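# Observations on the three-dimensional arrangement
Okay, here's what each chain looks like letter by letter:
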Number of protein chains: 2
Amino acid sequence: MAEAGPTVPESRLGYRFQDRATLELALTHRSHSAAHNERLEFLGDAVVGWVVAERLYRMHPEWNEGQLTRARAGLVRQKTLAGLADALGLGEGLRVGGGGVLEGPARERALASALEALLGGILIEAGPEAVRSVIERLFGSWWQSVPELAERKDAKTRLQERLQGKGLPPPRYLLETSEGPSHRRRFKVRCEIPERSLSAEGTGGSVQLAEQAAAEGLIAKMDHDRSG
Amino acid sequence: MAEAGPTVPESRLGYRFQDRATLELALTHRSHSAAHNERLEFLGDAVVGWVVAERLYRMHPEWNEGQLTRARAGLVRQKTLAGLADALGLGEGLRVGGGGVLEGPARERALASALEALLGGILIEAGPEAVRSVIERLFGSWWQSVPELAERKDAKTRLQERLQGKGLPPPRYLLETSEGPSHRRRFKVRCEIPERSLSAEGTGGSVQLAEQAAAEGLIAKMDHDRSG
């Protein structure tokens, strides 16, 4: 069999795998077979965490650790990673089980995982400096958007400021459920303002994200009540 | 002024800082001055995450991502890091404000932070391969303890199995409070078994840790009830 040429994702990443099996593994969703990409994803997640942390640290000597943390969380989001994966054409190469095509949140998760797994594979094959170059190029113009991410007021802050403006105490956040194994949990949080008999639920992959979603929901309800 | 010789932590780490200001910054607690070690700690935390992830990935090809995640969390704990920092003699070099000596959990946190900050400083000065060697040596015999960490049944699992054995439903976990900025939060969780009118509280730096602490507390109460 002739040696296969580079795939679309490889050309766009600027990295050609020496070991084609690593590339294939990185593109294999856990629904496809027992040998899937989640180990490589674990590794890729860790290496992206380091590269983005160091880049932000060097780009922004004026930021404190809170700003660095927020900027990184804003940059390394599932939605962003899935968008980058789509731009690389990863969607077509993804090996999914059950003859199924993934859609919605499941597709977004699978794309983000496959991208992290590819980066984990590059780390294993070529080492930290090689994967650093790939990651820095990959995020491209996103690096310019980080100052906004570091300063953006999140939904919980906006909600609390709004309640303060009305002389109300801060909202209560109650963890309703948490499901799934520890490395892949989903949290559901309820945000309540007893004084206004208002509440909203939010879900996310961490309590922080679920609380933010719940706060967004509550702000939307307050807006709706005011206009209704 | 004569050039200072290497400090005790440097000799034990096997790394001598070229820039003495970086070493000093890494050892400066935020209670001491506005220029403190938390930015370097952010970086060190990220680089330790990557190095430990890659080492575990290579050492244990038979582990799935859940086992890798648990092993890393077991290894990179504040308690472990503080113990390693103590062994390096970091405690004496730490610059703390208010003329104060830190004690208890505050000391443990400060030591762990300073060690991560030192590693962040090495990354900045000498690059990823240099800091990788330092980290791999630093954890020394801890690498041998990871299989146990990956397999250990946690308190929540033990509690749930025990309740199942009695024909009871799983306990409920309620998030009571979460305090502090998003990058340094403390969670308090209540674990309840309504059928037995039992409950216990636990706190921790993540919901997962707080739930584990609450489950430990509840197991202790059940043991006590049985023997009482």
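Residues numbered from 1 in each chain as written. Chains lettered and ligands numbered in written order. Predicted model: local features only at pLDDT ≥ 70, side-chain atom pairs only at ≥ 80, totals over all residues.

### Concerning the overall build of chain A
The helix and strand inventory of chain A stands at eleven helices and three strands. When the helices and strands of chain A are placed in sequence order, the string is α-α-α-α-α-α-α-α-α-α-β-β-β-α. When the backbone C-alpha atoms are referred to their principal axes, chain A occupies close to 70 × 45 × 30 Å. Burial analysis of chain A (228 residues in total) assigns 40% to the buried set. Within chain A, residue pairs in contact and separated by at least 24 positions form 57% of the contacts whose partners lie at least 6 positions apart. (Helix = DSSP H or I, 4+ residues; strand = E, 2+ residues; numbered from the N terminus. Buried ≥ 20, exposed ≤ 12 C-beta atoms within 10 Å, placed from the backbone. Contact = placed C-beta atoms within 7 Å.)

### Notes on the interface of chain B and chain A
Across the boundary between the two partners, chain B contributes 29 residues, which contact 29 residues of chain A. Top element by residues in the side of chain B that touches chain A is helix α3 (residues 38-59) of chain B. It accounts for twelve residues. A per-class count over the side of chain B that touches chain A returns 15 nonpolar, eight polar and six charged. (Nonpolar A, V, L, I, M, F, W, Y, C, P; charged D, E, K, R; others polar.)

### Details of the sheet that holds strand β1 (residues 172-179) of chain A
Residue and element names in this part refer to chain A. If you trace the three strands from one edge of the open sheet to the other, you get β1-β2-β3, paired in antiparallel fashion. The open sheet has two edge strands, β1 and β3 (198-204), and neither has a second partner. Across this sheet, the average inter-strand angle for adjacent strands is 20 degrees, counted without regard to direction. As paired elements, β1 and strand β2 (residues 186-193) share seven bridges and run antiparallel to each other. Paired with E179 across the two strands is R186, which belongs to β2. (Pairing = 2+ DSSP bridges. Axes fitted to C-alpha atoms, helices over the stretch in contact; angles between N-to-C directions.)

### Details of the nonpolar core
Core analysis: the largest hydrophobic core is formed by 90 residues, its most contacted members being V47(A), A114(A), V47(B) and A114(B). Apart from residues lying up to four places away in sequence, A114(B) is in contact with A26(B), L27(B), N37(B), A85(B), L90(B) and L94(B). Counting residues in each nonpolar core, the second largest holds 30 residues, with I193(A), L218(A), C191(B) and A200(B) among its members. (Core = buried A, V, L, I, M, F, W, Y, C linked by C-beta atoms within 7 Å.)

### What to know about helix α7 (residues 104-126) of chain A
Residues lying three or four places apart along an α-helix face the same way, a consequence of the helix completing one turn every 3.6 residues. Look at α7(A): 33 Å from first C-alpha to last across 23 residues, which is about the 33 Å you get at 1.5 Å a residue. At the exit of α7(A) stands G127(A), carrying a positive phi of roughly 90 degrees. (Expected span 1.5 Å × (residues − 1).)

### Description of the environment of R162(A)
Residues and elements named next belong to chain A. Position of R162 relative to the elements: it lies in helix α10 (residues 155-165). For R162, a count of 14 C-beta atoms within 10 Å translates into the label partly exposed. Note: C-alpha distance between R162 and L174 (twelve residues apart in sequence) is 20 Å.

### Describing the relation of the copies chain B and chain A
One chain copy maps onto the other through a rotation about an axis and a shift parallel to that axis. When chain B is fitted to chain A, the best match, at an RMSD of 0.1 Å, comes from turning it 180 degrees and sliding it 0.0 Å along the axis. Viewed as a symmetry operation, the transformation between the two copies matches a two-fold axis. Proximity to the rotation axis, assessed at the C-alpha, singles out L175(B) in chain B; its C-alpha lies 2.4 Å from the axis. Comparing contact sets, 100% of the residues at the interface of chain B also lie at the interface in chain A, consistent with an isologous, same-surface contact. (Least-squares fit on C-alpha atoms with pLDDT ≥ 70 in both.)

### Focus on α10(A)
Residue and element names in this part refer to chain A. Those residues of α10 not exposed but buried are A155, K156 and L159. What you see down the axis of α10 is that its buried residues fit within an arc of 100 degrees, all on one side. Turned more than 90 degrees from where α10 packs its buried face, E161, Q164 and G165 sit exposed. Among the residues trailing α10, G167 stands out with phi positive, at a value near 75 degrees. (Arc of directions from axis to C-beta.)

### Quick look at the packing of helix α3 (residues 38-59) of chain A against α3(B)
In contact at an axis separation of 9 Å, α3(A) and α3(B) are set at 155 degrees when each is read in the N-to-C sense. Looking at the two axes, α3(A) sits roughly antiparallel to α3(B). For α3(A) against α3(B), the interelement crossing comes out left-handed. Contacts between α3(A) and α3(B) involve R39(A), F42(A), L43(A), A46(A), V47(A), G49(A), W50(A), A53(A), E54(A) and Y57(A) from the former and R39(B), F42(B), L43(B), A46(B), V47(B), G49(B), W50(B), A53(B), E54(B) and Y57(B) from the latter. Looking at the contact of α3(A) with α3(B) residue by residue, the class counts come to 14 nonpolar, two polar and four charged. (Parallel < 35°, antiparallel > 145°, perpendicular 65-115°, else oblique. Left-handed = near helix turned anticlockwise from the far one by under 90°.)

### A few points about the environment of E136(A)
Residues and elements named next belong to chain A. Counting through the fold element by element, E136 comes out in helix α8 (residues 128-139). Residue class for E136 comes out partly exposed when judged on the 14 C-beta atoms lying within 10 Å of it. C-alpha separation for the pair E136 and K153, spaced 17 residues apart in sequence, amounts to 26 Å. When neighbours within four sequence positions are excluded, E136 is seen to be in contact with V51 and R55.

### Things to note about the domain arrangement of chain A
The domains assigned to chain A are domain 1 (8-151) and domain 2 (155-227). A C-alpha centroid distance of 29 Å is found between domain 1 of chain A and domain 2 of chain A. (Domains from an automatic or database assignment.)

### Here we look at the pairing of β2(A)
Regular strands place their side chains on alternate faces of the sheet. All names here are of chain A. Note: β2 against β3, seven bridges, orientation antiparallel. Each bridged residue has a counterpart across the sheet, and for I193 the counterpart in β3 is L198. Counting the residues between successive antiparallel strands, the hairpin from β2 to β3 contains four residues, one of them, S197, with a positive phi of roughly 50 degrees.

### Considerations on the confidence of the model for chain A
For residues with low pLDDT, the predicted coordinates do not support detailed interpretation. Scored by pLDDT, chain A has a mean of 88; 95% of the residues are at 70 or more. Reported confidences for the modelled complex are a pTM of 0.76 and an ipTM of 0.76. (pLDDT = per-residue confidence, 0-100.)

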